[in-house]
Amino acid sequence: MSTQENKMEAIVSLAKRRGFIYPGSDIYGGLSGTWDYGPLGVTLKRNIMQLWWRMFVEERDDMYGVDAAILMNQKVWQASGHVDTFTDPLVEDLETKQRFRADHLLKDAGVEVDGLSLDDMSRVIKERGIKSPNGNELSEVRTFNMMFKTTVGPVANDDSISYLRPETAQGIFTNYKNIVDSFYPNLPFGVAQQGKAFRNEISPRDFIFRSREFEQMEIEYFVDPSHWEESFEHWRQQVWRWTQALGLADEAVHELEVPENDRAHYSKRTIDFEFDFPIGREELLGLAYRTDFDLMNIQNKSGKSMDYTIKGTNTKFVPHVIEPSFGVERAVMAVLSSAYTEDEINGESRVVLKLPAHLAPVKVAISPLVRNKPELVERAREIYERFKKAHGAVMWDDNGNIGKRYRRQDEIGTPYCVVVDFQTLEDGTVTVRDRDTTEQRRLSVDDVLSL
Ligand code: GAP
């Protein structure tokens, strides 16, 4: 493989061929920015999401989970600032009327875009003679709101407008008071949510990296404002624990302190955690200090107090918030990119996904050595049933010869292949092949099960 671009293409093609991720609505020519998870992809994605929930909700005693509705009262998005400011800079190809992200075109032309206003961008495009990817003149740069708008109920008017949520965070903020009233937790405490988010990206691209429909895993961690820095540092360390749990090499993960004029409208400090994707170094997830921006906006808009009273005192204040925000698609793409390997075994080249075993969609594949010996197949089936009961994520594979089965399982990242052969009938042992070393060992079925 010569370039990172080839690696990306190879991953996209493997993802489709082997049932991880398909382009959305593919049968009708697709729908840009949407992707469907196939049988292996949905398991990989769920393994990632469950790992996150276990690490950040179940294993802690300061965390509460919620699952809020995707459709919310439009006041949520007015109060949060998204109606006014959740925009990207857009330019139009004056010939084809195609639209592009102005900052992307500028970056592609080698222009440093940090801190540029819309007018600045328009000026630089003119000065540098930057054209659309079709080679045509471009319009002035203007803003484009990325929220998907819809109407709720049978009457479409201003009052029935709603939006598909562009972040899961607001479903947490709007439930902050409910959680304080039901559980009265000590500060600091966090509320976590996983779920879909939607953004009408001007130019979705780079596989699942920039999608129009994707999933987020977000935590709003409510703190005493005088201690925000401690909590920020705590979550910075937790993010590193997370990237390690995904099996990402520390050297491939980078912190980027986001300068003030580049931060989201609500943030006083942001660190973007970037990853060396095959498409380049890009944002994997973000950690932001959202201050009391959201709770104060809710308090002002709803007229309801967002005060937290320190137990046993009269001290009241609106808590501040540290927000680690994780994108599921970017985690999936980072895991696939870091696992994708082409190597050579005994002079034969192979593709292998070196997924961490706890994330692999299939943990073990069980095969009878040959298909035409009923007693062998029957014994292999029994063993398969035992594994399936114990581990769930087990695949029956009796297609083609053993070499082909190993290649197929390598490509989907199955850590172990178990083969039932004639010796199994005599002494109950099976061969177990390790995906990464390709070494084979003979073990009893019980030993493999406990492995
Ligand atoms: N609540 C804060 C928030 O939404 P963000 O930086 O806009 O912050 C958080 O998004 C994370 O969501 C990103 O770091 C990324 O992982 C993921 N994300 C954002 N837009 C995305 C898109 N169009 N496609 C896939 N993932 C996206």
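**Observations concerning empty space enclosed by the protein**
Logical step 1: What the rule picks out here adds up to one cavity of 30 Å³ or more.
Logical step 2: For the largest cavity, the calculated volume is near 30 Å³.
Logical step 3: Forming the walls of the largest cavity are Trp242, Leu246, Leu284, Leu285, Phe326, Gly327 and Ala331.
Logical step 4: Where the lining of the largest cavity is concerned, the elements lending two or more residues are strand E14 (280-291) and strand E17 (320-327).
Logical step 5: Each residue belonging to the lining of the largest cavity can be placed in one class, and the counts come to six nonpolar, one polar and no charged.

**Some words on the pairing of strand E11 (residues 213-223)**
Logical step 1: Most of E11 is tucked away: ten of the eleven residues are buried.
Logical step 2: Bridging between strand E10 (residues 189-198) and E11 involves ten bridges; their strand directions are antiparallel. Note on E11: the bridge partner recorded for glycine 195 is glutamine 216.
Logical step 3: Sheet topology places E11 next to E17; six bridges connect them, and they run antiparallel. Bridging from a neighbouring strand, glutamine 216 pairs with glycine 327 of E17.

**Re the domain arrangement of the protein chain**
Logical step 1: Once the domains are mapped, the protein chain shows domain 1 (3-74 + 149-336), domain 2 (87-145) and domain 3 (362-450).
Logical step 2: A C-alpha centroid distance of 39 Å is found between domain 1 and domain 3.
Logical step 3: Each side of the interface is counted separately: domain 1 has six residues, and domain 3 has six residues.
Logical step 4: Buried area between domain 1 and domain 3, both sides added, is near 500 Å², and the carbon and sulfur share of it is 53%.
Logical step 5: Among the residues of domain 1 in contact with domain 3, Leu14, Arg18 and Leu40 are the three that bury the most area, contributing 69% of the side total.
Logical step 6: Where domain 1 touches domain 3, the interface holds two salt bridges.
Logical step 7: Glutamate 411 serves as the salt-bridge partner of arginine 18, at 3.1 Å between the closest nitrogen and oxygen.
Logical step 8: Going through the elements one at a time, helix H1 (4-17) and helix H2 (39-58) are the ones with two or more residues in the side of domain 1 that touches domain 3.

About the criteria used
Residues numbered from 1 in each chain as written. Predicted model: local features only at pLDDT ≥ 70, side-chain atom pairs only at ≥ 80, totals over all residues. Heavy atoms only, no water. 1 Å grid on protein atoms, 1.4 Å probe; cavity = no way out; pocket = protein on both sides within 12 Å on 5 of 7 lines; lining within 4 Å. Points joined across faces, edges and corners; volume = space filled by probe spheres on them. Helix = DSSP H or I, 4+ residues; strand = E, 2+ residues; numbered from the N terminus. Nonpolar A, V, L, I, M, F, W, Y, C, P; charged D, E, K, R; others polar. Buried < 20%, exposed > 50% of the residue type's maximum accessible area, 1.4 Å probe, protein only. Pairing = 2+ DSSP bridges. Domains from an automatic or database assignment. Contact = heavy atoms within 4.5 Å. Buried area = accessible area lost by both parts, 1.4 Å probe. Salt bridge = Lys/Arg side-chain N within 4 Å of Asp/Glu carboxyl O.

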